[in-house]
Amino acid sequence: MSSPAREGSTLISTGEELFRVDDLHKRFRMGEKEIHVLKGIRLTIRKGETLAILGASGVGKTTLLHILGALDRPTSGRVLYRGENLFEKTERGLASFRSREVGFVFQFHYLLSEFSALENVLLPGLIAGWSRARAEQRARFLLGELGLANRLGHRPGRLSGGEQQRVAVARALVMEPQVIFADEPTGNLDTGTAASVEDLLLGLRQSHGISVVVVTHNPRFARRLDRQVHMVDGRVAEGAGSDSLLSNEE
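On a predicted model such as this, the values are computed, not experimentally measured, just so you know.

S.K.: So what's going on with helix α5 (residues 161-173)? Which residues, and what values?
M.R.: Here α5 spans 19 Å end to end across 13 residues, near enough to the 18 Å set by a 1.5 Å rise per residue. Extensive coverage of α5 is indicated by the burial of 11 of its 13 residues. Of the surrounding secondary structure, the elements contacted by the buried residues of α5 are β8 (102-106), α3 (117-127), α4 (132-145), β9 (179-183) and α6 (191-208).

Structure, rendered in structure tokens:
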């Protein structure tokens, strides 16, 4: 078993296994042609660690992230979450998993343009059945924590790119997830703003005790995370990062 990652002298990963992916395959049908996107991937993600997934466009990084977050289903293979087979859950169970256990941050933040920053962040709580007061209290706290206390009433169009991404991070944190999945979260930002968003994401395990999994093309950002794995043509390349818990099955 791999040693838990450390930052300075501070223990980061608890060693508790959150996800285990076993021989994961994903195929898509396009007319008469079948496209094999993921080809036998194995993966372990532990609580409190940060993981970068690198690779060229089209190698399956986003597809893998979507399956881990139950936004898509695998063709074959298993995804275990805390020992339970994720895709043996009912649709209602998967919806609950997506709502309560994971949070998503995307390159394009997908904020609702007609809603304020506060309203965008509190919305997941309302969908989950929280009272307006509880959801708003949580949203105000998170936005304040992320330096946006003076932007609560601003709609996305009045926020900078970095501020919009911070709102998206706050929204992902509302339900106190165990892991954040971030898909190219800095890909649409300038260098300075991207660095601040990187710092924010990396700080989440310290401030909230959660795992962070990032798909990125940026090797500098990837090196700041505990582990890096490299995908090539739906597989993980040989020697793909030190202390990697990913492997292929031919």
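So that's the structure; there's more coming.
S.K.: Which residues make up the nonpolar core, and what are the values?
M.R.: The nonpolar side chains of a soluble globular protein tend to be buried with one another. Formed by 40 residues in total, the largest nonpolar core has its most connected members in Leu143, Val167, Val169 and Leu204. Looking at this core, the elements that each hand over two or more residues are β5 (50-54), α3, α4, α5, β9, α6, β10 (211-215) and α7 (219-223). Ignoring sequence-local partners within four residues, the contact set of Leu204 consists of Val169, Leu173, Ile180, Gly209, Ile210 and Val212. Leu38, Leu64, Ile67 and Val215 belong to the second largest nonpolar core, which has 32 residues in total.

S.K.: Outline the sheet that holds β5, listing residues and values.
M.R.: Strand order in this open sheet of 6 strands is β8-β9-β10-β5-β11-β12, and the pairing throughout is mixed. Each edge of the open sheet carries a strand with a single partner, namely β8 and β12 (235-236). Two elements, β5 and strand β11 (residues 227-232), share 4 bridges in a ladder whose sense is parallel. If you follow Leu51 over to β11, its bridge partner there is Arg227. Contacting β8 and β9, α5 runs over the sheet at an angle of about 165° to β8.

S.K.: Describe the packing of aromatic side chains, and please don't skip the residues or the numbers.
M.R.: Under the criterion given, the structure shown has 7 aromatic pairs. Taken together, the ring pairs connect Phe19, Tyr81, Phe97, Phe104, Phe106, Tyr110 and Phe181 into an aromatic cluster. Its end group placed over the ring of Trp130, Arg134 keeps NZ or CZ at 3.9 Å from the ring centre.

S.K.: Let's hear about the packing of α3 against α5: which residues, and what values?
M.R.: The interhelical angle for the contact between α3 and α5, taken along N-to-C directions, is 25°, at an axis separation of 7 Å. Comparing their axes, α5 and α3 come out roughly parallel. The crossing of α3 and α5 is right-handed. Mapping the contact onto sequence places Ala117, Asn120, Val121 and Pro124 in α3 and Val167, Ala170 and Arg171 in α5.

S.K.: Provide a residue-level description of unusual backbone geometry, including the pertinent values.
M.R.: Residue Asp23 is not a glycine yet carries a positive backbone phi of 50°. Mapped onto the elements, Asp23 comes out in strand β3 (residues 17-30). At Glu184, a position not held by glycine, the phi torsion is positive, near 50°. As for its placement among the helices and strands, Glu184 is situated in the loop between β9 and α6. The buried category is assigned to Glu184, whose relative accessible area is 12%.

S.K.: Requested: an account of the pattern of salt bridges, with residues and values cited.
M.R.: Applying the stated criterion across every chain yields a total of 19 salt bridges. Salt-bridge contacts for Lys89 lead to Glu84; the nearest nitrogen and oxygen are separated by 3.4 Å. Overall, Lys89 belongs to the partly exposed group, its relative accessible area being 24%. Between Glu198 and Arg224 there is a salt bridge whose closest N-O contact spans 3.1 Å. In this pair, Glu198 is assigned in helix α6 and Arg224 in the loop between α7 and β11, connecting sequence segments 26 residues apart. A relative accessible area of 0% places Glu198 in the buried class. One continuous salt-bridge network, built from bridges that share partners, spans Glu198, Asp199, Arg220 and Arg224.

S.K.: With reference to specific residues and values, describe the packing of α4 against α5.
M.R.: Orientation of α4 relative to α5, taken along the N-to-C sense of each, is 135°, at an axis distance of 9 Å. Here α4 is positioned oblique relative to α5, judged by the angle of their axes. Seen from above, α4 lies across α5 with right-handed handedness. Only Val167, Ala170 and Leu173 of α5 make contact with α4, whose side of the interface consists of Arg138, Leu142 and Leu143.

Calculation criteria
Residues numbered from 1 in each chain as written. Predicted model: local features only at pLDDT ≥ 70, side-chain atom pairs only at ≥ 80, totals over all residues. Heavy atoms only, no water. Helix = DSSP H or I, 4+ residues; strand = E, 2+ residues; numbered from the N terminus. Expected span 1.5 Å × (residues − 1). Buried < 20%, exposed > 50% of the residue type's maximum accessible area, 1.4 Å probe, protein only. Contact = heavy atoms within 4.5 Å. Core = buried A, V, L, I, M, F, W, Y, C linked by side-chain atoms within 4.5 Å. Pairing = 2+ DSSP bridges. Axes fitted to C-alpha atoms, helices over the stretch in contact; angles between N-to-C directions. Phe/Tyr/Trp six-rings, centres within 6.5 Å; stacked < 30°, edge-to-face > 60°. Lys NZ or Arg CZ within 6 Å of the ring centre and 35° of its normal. Parallel < 35°, antiparallel > 145°, perpendicular 65-115°, else oblique. Left-handed = near helix turned anticlockwise from the far one by under 90°. Salt bridge = Lys/Arg side-chain N within 4 Å of Asp/Glu carboxyl O.

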